[in-house]
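# Notes for the structure review
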Amino acid sequence: MNTSAVTPVERGLTPRSTGTYPVLELRDASKSFGHVVALNQVNLSVHAGEVLAVVGDNGAGKSTLVKVISGVHRPDMGELLVHGSRISPGHPTEARAQGISTVFQDLALVETLDVAANMFLGRQISRWGVFANRRRMIAEAEKTLRTYQGNVPSVRVAVGELSGGQRQSVAIARAIRENNPIVLMDEPTAALGVQETARVGSIINSLRAEGKAVVIVSHDLGFVFEHCDRIQVMRLGRSSATRDVRDTTREGVIGLITGAVPGDDTRDHRPRSGS
Amino acid sequence: MRGTGGALVSIPAAEGHRSAPSRRRRMTQWAFGSAELVVALVIILFVLVGATQSAQFFDGLTWINILRNTVFVAIAGCFTTIVLVNGGLDLSIGSVFMAGAVGGAAVADAGYGNLLAFLAGIGIGAAVGLLNGLLINYAQMPAIIVTLGTLFAVRALAVTLTQGQPIGPLPNDFAAIGQSDFLGLPLLVYYALIIVVVAYLLLHRTMFGWNVRAIGGNRVAARSMGIRVNRVATSVYVLSGVSAALAGVLMASRLGAGDPTLGNGFELQVIAAAIIGGTSIYGAIGTVPGTVLGALLLSVLTTGLILLKVDPGLQNFAVGVVIIVAAGMDRARKARMFRTSTNVARERQGKKASDKDANR
């Protein structure tokens, strides 16, 4: 039904040609789960051809941030802007249609289904509107994995039979295949070997070269300093500081993460009461 | 994916240079990995052995009887398979089957005609299925509890409304639907065939079917990737209710009466047929043909044991054994199919051992 639904791509964006507004912007987003304030008035912006890293300690709100942007959670407050216009995805499909592709931390793969079915999870190619066009999905999945050197033996193999690195390849290839202007990756290198991490790094570099806006959530500061342009530090549900990688050091970022170095956000850090 | 049991071995994983399994080995793995084939072989074997004891095993009438008994379990079973593959469970179908029979019979008995009788029965099934689906998916209650509740409640309601008395005898033109033959076979068999094909296409060929399977395999991933999980998982219960009620209306037509004592334990037979046919109660795995063969095996077994003059009390013993064996095979298949950590470790050890052998 929707292979070609993924073309907010050519909205006249070329690398670094961004005008005044960022491709993706989050303004004052808050999200609570019961009494836990996961996000507290968080701002974030990414331009085309830029790779933004989001770092922070466990429980800093990184994954919630990803889920708010990818449409899994709707923020309680605040707004999300893509190309300067406000969107309100209540569902991952809507976020995707607005140009946001996501690689989830848990990869969002179904172990019992084969690679081809996983590549088209939630966006199958149809025949006559109702039937699944397996032949085309298998062919497309093969093509995609060949392009991104997925290192996967066959698209007919169940994901449950693949190694961690191979699964990661499938999840990343799936997100990139959508060719959206905004790519979110939540811990893309967790549980990967050296070689596989390097491949993810080169994929990120090529996304930047294609003029995509990329957001990477990662614990791996070495990786972040090597592949990202800006670093946004999350702390206790707030974005405490944003630094250009050229203007900061690893120690500086660690200080911001742990709170040893005060961030730019000097507002009261206690979660607001009520609700 | 079923039948790719050998694929574990054929992955050129990080270690590389692992030789492809021999053709013969792959064939045997496929044979034991495929529940449908195993069930079909068991049926054939049972019939062949039975035929040495009783000539009736090759009697056409016996087989018409077997098929007629298979029909109801097969109709409901196909959609129970879809529920199970979706990671759900529907125990209410025994009562829904009866409610469909009684509801359809009441409408036919009142003279509203066959079409309305079927629509009434199906409507009851859809309503109960919708209630199940909403409670399970939106109120997030456990499927086993919700459908156990509706199993009791629906039966109690139907028994009270009918005061426990069967509705009938029903008009001849309504009874003809379930009692007539065509080309030597009961019409019921043709209906079942159509419904089975519909269920097959739905589960194995449509996008809906793939979404059902994805939800059964990993509900969180399915939601993250934008599948309307609650909507799909609710509709699956509606389909299950409709199919069970439709089977019930057909049963009322066949019997010429709507009996509120029908369908006691029907849900267990249906689930048994699905399990025997290779459907996993943990979701994601299962096929419509497997369930149809499972239903056929149950029917062949009960009829066959009567022909063999086995004590009727032992019939259910045989059914119980078959279910447990089927569940054991499901477990074994899964262990082989997926790369669990123990599997990988075992595989590595096996490989090292064979390397040593090769070096000698």
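Residues numbered from 1 in each chain as written. Chains lettered and ligands numbered in written order. Predicted model: local features only at pLDDT ≥ 70, side-chain atom pairs only at ≥ 80, totals over all residues. Heavy atoms only, no water.

## Observations regarding the confidence of the model for chain A
Per-residue pLDDT for chain A has a mean of 82; in total, 88% of the residues score no lower than 70. Low confidence marks residues 268–275 of chain A, where pLDDT is under 50. Its contacts with residues over four positions away, or in another chain, come to 9 contacts. (pLDDT = per-residue confidence, 0-100. Contact = heavy atoms within 4.5 Å.)

## Quick look at helix α3 (residues 35–51) of chain B
The end-to-end C-alpha separation of α3(B) is 24 Å, in line with the 24 Å expected for 17 residues at 1.5 Å each. Of all the positions in α3(B), only B:Ala35, B:Glu36, B:Val38, B:Val39, B:Ile43, B:Phe46, B:Val47 and B:Gly50 are classed as buried. (Helix = DSSP H or I, 4+ residues; strand = E, 2+ residues; numbered from the N terminus. Expected span 1.5 Å × (residues − 1). Buried < 20%, exposed > 50% of the residue type's maximum accessible area, 1.4 Å probe, protein only.)

## A look at the interface of chain A and chain B
Many descriptions give the size of an interface as the accessible area lost when the pieces come together. Taken together, the contacts link 36 residues of chain A with 28 residues of chain B. When chain A packs against chain B, the two sides together hide about 2,600 Å² of surface, and 66% of this comes from carbon and sulfur. When the area that chain A buries against chain B is broken down by residue, the three leading residues are A:Thr112, A:Gln124 and A:Glu161, summing to 24%. Linking chain A with chain B are 0 salt bridges, by the criterion used here. The interface formed by chain A and chain B contains 7 residue pairs in polar contact (both at pLDDT 80 or more). Residue assignment for the side of chain A that touches chain B shows that the elements contributing at least two residues are α2 (92–97), β8 (131–132) and α5 (164–177) of chain A. Of all the elements, α2(A) adds the most residues to the side of chain A that touches chain B, at 4 residues. (Buried area = accessible area lost by both parts, 1.4 Å probe. Salt bridge = Lys/Arg side-chain N within 4 Å of Asp/Glu carboxyl O. Polar contact = N/O pair within 3.5 Å; in protein donor to acceptor, adjacent residues only side chain to side chain.)

## Re the nonpolar core
Judged by nonpolar contacts, the single largest core of 143 residues is most densely connected at A:Val55, A:Val115, A:Met185, A:Ile231, B:Phe72 and B:Phe174. Contact partners of B:Phe72, with chain neighbours within four places excluded, come to B:Phe97, B:Leu188, B:Ala247, B:Leu250, B:Met251, B:Arg254 and B:Phe266. One finds A:Val23, A:Val54, A:Ala95 and A:Met234 within the second-largest nonpolar core, a separate group that totals 27 residues. (Core = buried A, V, L, I, M, F, W, Y, C linked by side-chain atoms within 4.5 Å.)

## Some words on the pairing of strand β10 (residues 213–217) of chain A
Residue and element names in this part refer to chain A. Of all 5 residues making up β10, 5 are buried, and the element is well covered by its neighbours. Burial along β10 is two-sided: Ala213, Val215 and Val217 facing one way and Val214 and Ile216 facing the other are all buried. Across 5 bridges, strand β3 (residues 50–56) lies against β10 in parallel orientation. Across the sheet, the residue bridging to Glu50 is Ala213, located in β10. Here strand β9 (residues 182–186) runs beside β10; their pairing, made up of 5 bridges, is parallel. Across the sheet, residue Met185 finds its bridge partner in β10, namely Ile216. As for the winding sense of the linkage, the β-α-β connection from β9 through helix α6 (residues 194–209) to β10 is right-handed. (Pairing = 2+ DSSP bridges. Right-handed = clockwise from strand over helix to strand, strands pointing away.)

## A few points about the sheet that holds strand β1 (residues 24–33) of chain A
Residue and element names in this part refer to chain A. A sheet is described by the order of its strands in space; here 4 strands give the open sequence β2-β1-β4-β5, paired in antiparallel fashion. If you trace the sheet from one side to the other, it starts and ends with β2 (36–46) and β5 (85–87), each paired once. Adjacent strand axes in the sheet meet at a mean angle of 30°, parallel and antiparallel pairs treated alike. As judged from the 3 bridges shared by strand β4 (residues 77–82) and β5, these two strands associate in the antiparallel manner. Bridge pairing links Val82 to Ser85 in β5. (Axes fitted to C-alpha atoms, helices over the stretch in contact; angles between N-to-C directions.)

## Concerning a nonpolar patch on the surface
On the surface, B:Tyr112, B:Leu115, B:Leu116 and B:Leu119 cluster together into a nonpolar patch covering about 460 Å² of accessible area. Mapped onto the secondary structure, B:Leu119 falls in helix α6 (residues 114–137). (Patch = residues over 30% accessible without salt bridge, like charges linked within 9 Å, V, L, I, M, F, W, Y side chains within 5 Å. Areas by Shrake-Rupley, 256 points an atom, 1.4 Å probe, with all protein chains shown as cover.)

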